[in-house]
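Chain and residue survey
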Amino acid sequence: MPPRSFFWALLMLSGVPARVQGCDFDRATCGARAPGDVVIGIMLPCHRKVKALQERIRPENFDCSDFDFESFLKTLAVIHEIEAINAAGFLPGVRLGYLMCDTCSTASKALQNVGHMLQVNGSLNVMCDYTEHRPRVKIVLGALYSEVSIAVAKLLNVYMVPLLSSTSSAEDLSNKLRYPVFMRTIPSDKHQTKAVAEILHHFDWNWVGVVYGDDRYGSAAYQSFLEDAEEKHVCLDFQEVVSHYLDNGLSRQRIKEVAEKIRSSSAQVVLLILKAELVEVLFQEMIRSNTRRIWIASDVWSKSKTLAQMEGINQVGDILGFTFFTKKSESFDGYLQNLTATPGGYNRFIEEYKNLRFNCSAECFSSNPPSYCPSPKHLTMKSANACNILNPQEQNDDYLVKALDTSKVFLTKVAVWATANALKKLLKCDNSSCSGEINFPPWKLLQELKKVRFELDNHNFSFDSNGDFEGFYDLVMWKPDGRHRRFKTIGKYHVVEKQIEVDVENVMWNSTGNTTTPQSICSKPCAPGSVKKILNVYCCYNCTLCEAGTFSDGWDQHTCKACPNGSWSLKGWAQCMPRSETFLRWRGTHPIIMMAAAVFGILLLFVILIIFLVYRDSLPMKRAEVRLSCVMMAGLSVSFASVICFMGKPSVHLCRARQMMYAMGFTLCVSCILVKAYRIFLAFLPFGQMTSRRLNKLYKPTVIVVVITAIQGIICILWLILDSPDIDPTPPSPQSMVRLIQCNEGPKYIGFGAMLVYIALLAFVGFLLAIKGRKVPQEFSETGYIIFSMLMYLFIWVCFIPIYINNNEHASPVQASAILVSTYGIIFCHFLPKCYEALRGPKTETLERILRRWDVMPAQKPDAVVHVETITPSVKTNRFSVSSTTSIITNEDTPVGSDEVIIEKMHVYRKLGTKMRRRRSISI
């Protein structure tokens, strides 16, 4: 026999499947095999579950069901790449073989497969040192789920057989202390959960729900997401856990409970860290209840073609998910369209697939199908031409290419090529041969695998210190495509840079029906000017307006910032601004009116002064006492001038000057009025001779005016010393952006009150004196004018006090207005009537006529004799004199009238029966 034929004979013998107690384990349990110099183990599920696993009580073989097309596609990808490497002569003289075992998505089944893969000569002996342990399988590719990979990796740690996965993403598997043999061609879940938290933050979705499986993958991903969500200020409305094993009788009931929780939740975004078959059951509940949400898919089902084509998938809402790097391969698509087992080997899974696809099962479509029929979902993939085919195993078509996403297996392809590159280094291969030992212990391959660097399809690949690939994730969106969905890449997440790129312009959202991004928040964002008041969780809050003097200039702020010096803000403001100053500005309407009134008043007084001087010899002017009137005009002019000091920006000097001017000016005026009232009081009211003489001695006009005004001066001096007016230091109201610049009439207002009370007291005394002489005819006195002017003054200032106290912001204009009104009141009461009389012309009247109007002229009686003289001018004194003489039947002497300027009392008596009546003689 030639050496070459002998070599192949040995090779075929080495490929004879082992039998354990009459069981062809390779065929019964693993299901696919191809001989080779270096055998690669493939541990992926071609079935989704083990029947009645919860009822298992004996260690008998596992009965698997529910053929898994997507995972089956990954096994075909591994086989295709192994055949491609062999065909390309990548390892010269070395042929790669494989042993494919079905895990049935169960860790227990996978561990059974490990024992079979690592046996030597049909058995797996217990040894103290496995350094030289050389099983036929040098590396295991798988598993699909992290839960299975964790269990298998723990067992392989004993033998240091590398486990290389392209789908298991649990973060715990990066721990090289616990899983030193595990490596993967994908990033860890810690990056995926960061990517999920980043996309939630990008769309401002801070109120989400999470549903995860109770396996190690789901629990670890959930815990990792909690940390990343907190970092991005994302809160969980609910977190629900379901059994990862769908065949459990309680699983479906639990999923219904979870579906009800989702429907009742206000969270519009739900993260599903579940297997595709669990998601399918959950979506069926959502479709039944017509519940729409935004679903965030984990990598396990983010590009599940089975889910994308399920009935009613467009009714569940929007679906986003992160998937690993994918790339289409034409050679693999061609392989799928011509499926055959590897020459020299077998593949029971290809046979099962072809039976499902092409075997005639007409009885299974009846209303009462036999028990051996596949599930209704598998019946949907049945070829329409199935019953016209004689041998299903000889048939092929493009169903797998069209029904599944073949680009998802790219990283599975990368895992095979990483193994081939590590083998090339370990076996010391060149372009023509490999000189290394073929039957090497697996740990040597693990060493080389950690250091491997290679290029594939224009991409560089290598493992980091944790045995992970660090590339990027694709962000996919499930777009409606007729009755189904298609996958559209809308962004990427870069693992190293931790940055996300999203392109959602013109993307139609199912949730909103337009390009507007849907919302999922617990509370509406707090606008600038308000801050969050957290309730029970971080994302649920009330928006509280910033207090005056603080601000928030951004959305969703936590604290209000204090305004810098020199600026202020009102309640709920988003920025601070300098306060504006307000005072009686010269250009203001009210100040202009008051200034015009003051100036007009001064001019009016000037005109009145001229009239008084011109007509000083007229009878009305003589009765008005020109000298006293001129002093009054001077005082009123000072009062008008004080009003002008109320205008403009206040200063300390203006604050003091305006009050002093008003106090002295108006006191001077009121003191003159008091003198006039006192004169009338003395002239026309009856007193005894002794009292009359004493009161007449007190009538000294100049002294009275000086003394009264001096007392006011003393009050003002004490005011300036003890309680001086100044700029009001009162800070503005917190709810006002206006700083009121005004005068403060003293810290205690004692001086201000004393000044006003003193003037009011003078006015009240003058008012009382005028009241006493109110029946005196107007020709002899000004009692009516005095009464009215003083009453007006008292009324104005009595009204001023409560207004001043309760409206401090307008104190200055109120006081200025009060000064104007009271000053004009004196002008109109005292000066304008006299000017009118003087301008109208002189009018001579007899005393008899005057007395008749006064209603004191008695009826003529036989026993009374009255002599009345007319008013005649006196040449010597140039004064008008009125005298009256009366014959009285008594022993008393009657005083005679005089021509003195100051009025003397003169008593006129006449006999009225038994009564005596006094009458006065008036001299002007």
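Remarks on the overall build of the protein chain
- Within the protein chain, the regular secondary structure consists of 26 helices and 35 strands.
- For the protein chain, the residues scored as buried account for 52% of the 924 residues in total.
- Nonlocal contacts in the protein chain, meaning residues at least 24 apart in sequence, comprise 69% of its contacts between residues at least 6 apart.
- For the protein chain, the exposed area adds up to about 43300 Å²; of that, 56% sits on carbon and sulfur atoms.

Things to note about the sheet that holds strand E19 (residues 472-481)
- Spatial strand order, E12-E11-E13-E14-E15-E19-E20-E21: eight strands in an open sheet with mixed pairing. The open sheet terminates on both sides in strands that have one partner only, identified here as strand E12 (235-242) and strand E21 (499-502). Strand-to-strand twist in this sheet, taken as the mean axis angle between neighbours without regard to direction, amounts to 25°.
- Of the pairings in the sheet, the one linking strand E14 (residues 293-297) to strand E15 (residues 317-323) comprises five bridges and is parallel in character. Residue Trp295 lies in a different strand from E15, and its bridge partner there is Ile319.
- Set on the sheet, helix H6 (residues 189-202) makes contact with strand E11 (207-213), strand E13 (269-273), E14, E15, E19, strand E20 (484-494) and E21; between it and E21 the angle comes to about 55°.
- Contacting E11, E12 and E13, helix H7 (residues 216-231) runs over the sheet at an angle of about 155° to E11.

Focus: the sheet that holds strand E16 (residues 346-347)
- Pairing in this open sheet of seven strands is mixed, and the strands run E10-E9-E8-E4-E7-E3-E16 from one edge to the other. Across the chains shown, the open sheet's two edge strands, defined by having one partner strand only, are strand E10 (182-184) and E16.
- Sheet topology places strand E9 (residues 163-165) next to E10; three bridges connect them, and they run parallel. Note on E10: the bridge partner recorded for Ser165 is Arg184.
- Relative to the sheet, helix H5 (residues 146-159) contacts strand E4 (38-44), strand E8 (137-142), E9 and E10, its axis offset from that of E9 by approximately 160°.
- Contacting E8, E9 and E10, helix H16 (residues 442-451) crosses the sheet at an angle of about 50° to E8.

Some details on the state of the cysteines
- Per the counting criterion, the structure on display carries ten disulfides.
- Two residues, Cys429 and Cys434, share a disulfide whose sulfurs are 1.7 Å apart. Around the S-S axis, the bridge from Cys429 to Cys434 shows a dihedral of about 110° and counts as right-handed. Grouping residues by exposure puts Cys429 and Cys434 together as buried.
- There is no disulfide at Cys630, and the cysteine sulfur nearest it, in Cys672, is 9.9 Å away.
- With no disulfide of its own, Cys645 lies 9.8 Å from the sulfur of Cys743, the closest cysteine sulfur.

Observations concerning a nonpolar patch on the surface
- A surface patch of nonpolar side chains, amounting to about 560 Å² of accessible area, comprises Phe606, Val607, Ile610, Val614, Tyr615 and Leu839.
- Broken down by element, the nonpolar patch gets its largest block of residues, four residues, from helix H17 (residues 589-614).
- Take Tyr615: it is sitting in the loop between H17 and helix H18 (619-624).
- Judged by relative accessible area, Tyr615 falls into the partly exposed class, the value being 31%.

Quick notes on helix H15 (residues 410-426)
- Between the first and last C-alpha of H15 there are 24 Å, a value that for 17 residues agrees with the 24 Å anticipated at 1.5 Å per step.
- Counting buried residues along H15, 15 of its 17 residues qualify, which places the element largely inside the surrounding structure.
- Looking one or two residues past H15, Lys428 carries a phi angle of roughly 55°, positive in sign.

Comments concerning the pairing of E21
- Relative to E21, E20 runs antiparallel, the two being bridged by four bridges. In the strand pairing of E21, Tyr493 is matched with Ile500.

Digging into the pattern of salt bridges
- This model, assessed by the stated rule, comprises 27 salt bridges.
- Ionic pairing is found between Asp172 and Arg178, a salt bridge with its closest N-O pair at 3.2 Å.
- Assessed through its relative accessible area of 16%, Asp172 is described here as buried.
- Assessed through its relative accessible area of 39%, Arg178 is described here as partly exposed.
- As a salt-bridge pair, Lys303 and Asp405 come within 2.9 Å of each other at their nearest N and O atoms. Separated by 102 residues along the polypeptide, Lys303 in the loop between E14 and helix H10 (305-308) and Asp405 in the loop between helix H14 (399-403) and H15 bring together distant segments of the chain.
- Overlapping salt bridges bring together Glu132, Arg134 and Glu437 as one network.

Some points on the packing of aromatic side chains
- Applying the stated criterion across every chain, the model contains 33 aromatic pairs.
- The rings of Phe325, Phe410, Phe454, Phe461, Phe463, Phe469 and Phe472 are connected pair by pair, giving a single aromatic cluster.
- Residue placement shows Lys138 over the ring face of Phe440; its charged tip is 5.2 Å from the ring centre.
- One cation-aromatic arrangement involves Lys424 over Phe90; the distance from NZ or CZ to the ring centre is 4.4 Å.

Things to note about the pairing of E11
- With respect to burial, E11 is a largely interior element, seven of its seven residues being buried.
- The two faces of E11 match: Trp207, Gly209, Val211 and Gly213 on one face and Val208, Val210 and Tyr212 on the other face are all buried.
- Looking at chain direction, E11 and E12 are connected through seven bridges and run parallel. Across the sheet, the residue bridging to Gly213 is Val242, located in E12.
- After leaving E11, the chain enters H7 and then returns to the sheet as E12, a path that is right-handed.
- Bridge count for E11 against E13 is five bridges, and the pairing is parallel. In the sheet register, Val211 faces E13, and the bridge partner there is Leu272.

With respect to the confidence of the model for the protein chain
- Per-residue pLDDT for the protein chain averages 81, and the proportion of residues at 70 or more is 85%.
- No element of the protein chain has a lower mean pLDDT than strand E33 (residues 884-886), which averages 30, and none a higher one than E9, which averages 97.
- Considering only residues more than four positions removed or in separate chains, one finds that residues 844-848, a stretch of pLDDT under 50, has twelve contacts.
- Between residues 854-924, whose pLDDT stays under 50, and residues either more than four places distant or in other chains, the model counts 116 contacts.

Remarks on the packing of H15 against H16
- Two elements in contact, H15 and H16, have axes separated by 9 Å at closest approach and are oriented at 110°. As far as their axial angle goes, H16 and H15 are roughly perpendicular. As for how H15 packs across H16, the hand of that crossing is right-handed. Counting all contacts with H15, which are made through Ala418, Thr419, Ala422, Leu423, Lys425 and Leu426, the residues of H16 involved are Lys444, Leu445, Glu448 and Leu449.
- Class assignment for the residues of the contact of H15 with H16 results in six nonpolar, one polar and three charged.

Reading the values: the criteria
Residues numbered from 1 in each chain as written. Predicted model: local features only at pLDDT ≥ 70, side-chain atom pairs only at ≥ 80, totals over all residues. Heavy atoms only, no water. Helix = DSSP H or I, 4+ residues; strand = E, 2+ residues; numbered from the N terminus. Buried < 20%, exposed > 50% of the residue type's maximum accessible area, 1.4 Å probe, protein only. Contact = heavy atoms within 4.5 Å. Areas by Shrake-Rupley, 256 points an atom, 1.4 Å probe, with all protein chains shown as cover. Pairing = 2+ DSSP bridges. Axes fitted to C-alpha atoms, helices over the stretch in contact; angles between N-to-C directions. Disulfide = S-S within 2.5 Å. Patch = residues over 30% accessible without salt bridge, like charges linked within 9 Å, V, L, I, M, F, W, Y side chains within 5 Å. Salt bridge = Lys/Arg side-chain N within 4 Å of Asp/Glu carboxyl O. Expected span 1.5 Å × (residues − 1). Phe/Tyr/Trp six-rings, centres within 6.5 Å; stacked < 30°, edge-to-face > 60°. Lys NZ or Arg CZ within 6 Å of the ring centre and 35° of its normal. Right-handed = clockwise from strand over helix to strand, strands pointing away. pLDDT = per-residue confidence, 0-100. Parallel < 35°, antiparallel > 145°, perpendicular 65-115°, else oblique. Left-handed = near helix turned anticlockwise from the far one by under 90°. Nonpolar A, V, L, I, M, F, W, Y, C, P; charged D, E, K, R; others polar.

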